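What the coordinates show
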Amino acid sequence: MLPLHSTASGIAFLAASRLEVVSAYLEKPLQAFTAHTMTGPETLAKAIAFAAASGYSRSSQSYEEGVHSIGAAILGADGQPIGTLSIASPVSRVDDAVAASQGEAAVRAARLISARLTGEA
């Protein structure tokens, strides 16, 4: 199990979660895994807000040096997250355009998986 605050999957999961779940998580101490890990609740809240608005999250070297990832939540029938999917790439191969393209692909795939799991597709 990976910590929610230091991975794109975890941030995507939080972005799709109920407000009380997010609030409780933001009150916990946030452990640093690399020099890039978000350990401040305000910084994490901004990443969660980006993910909620865009449908996907980004994480660059937050859990492992040299790794950039994109995450999108998979939702259950009640609209709550039941999992996530992610795309990991070497950080040297990702710029904003690549991240946006990967993000759009992750959102499409997560929505399709969610729809199939809930019988909507």
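This text gives an overview of the structure that appears in the document. What you are looking at is a predicted structure, and each value in this text was computed from that prediction instead of being measured.

Calculation notes
- Residues numbered from 1 in each chain as written.
- Predicted model: local features only at pLDDT ≥ 70, side-chain atom pairs only at ≥ 80, totals over all residues.
- Heavy atoms only, no water.
- Pairing = 2+ DSSP bridges.
- Helix = DSSP H or I, 4+ residues; strand = E, 2+ residues; numbered from the N terminus.
- Axes fitted to C-alpha atoms, helices over the stretch in contact; angles between N-to-C directions.
- 1 Å grid on protein atoms, 1.4 Å probe; cavity = no way out; pocket = protein on both sides within 12 Å on 5 of 7 lines; lining within 4 Å.
- Points joined across faces, edges and corners; volume = space filled by probe spheres on them.
- Nonpolar A, V, L, I, M, F, W, Y, C, P; charged D, E, K, R; others polar.

1. Section: the sheet that holds strand β2 (residues 67-75)
Reading across the sheet, the three strands line up as β1-β2-β3 and stay open at both edges, with antiparallel pairing between neighbours. Across the chains shown, the open sheet's two edge strands, defined by having one partner strand only, are β1 (57-60) and β3 (81-90). Here the strands of the sheet are splayed against their neighbours by 25 degrees on average, with no regard to which way each runs.

2. Digging into the layout of surface pockets
A volume near 230 Å³ is recorded for the largest pocket. What lines the largest pocket is a set of 15 residues, among which A16, G55, A73, L75 and R111 lie closest to the centre. Counting residues per element, the lining of the largest pocket draws most heavily on helix α4 (residues 96-117), which supplies four residues. Its residues placed into classes, the lining of the largest pocket shows 12 nonpolar, two polar and one charged. In this model, the second largest pocket occupies a volume close to 190 Å³. Around the second largest pocket sit 14 residues that line it, and T7, A8, Y63, V67 and S69 are the ones nearest its centre. Those elements that provide at least two residues to the lining of the second largest pocket are α1 (8-16), β2 and β3. By residue class, the composition of the lining of the second largest pocket is five nonpolar, eight polar and one charged.

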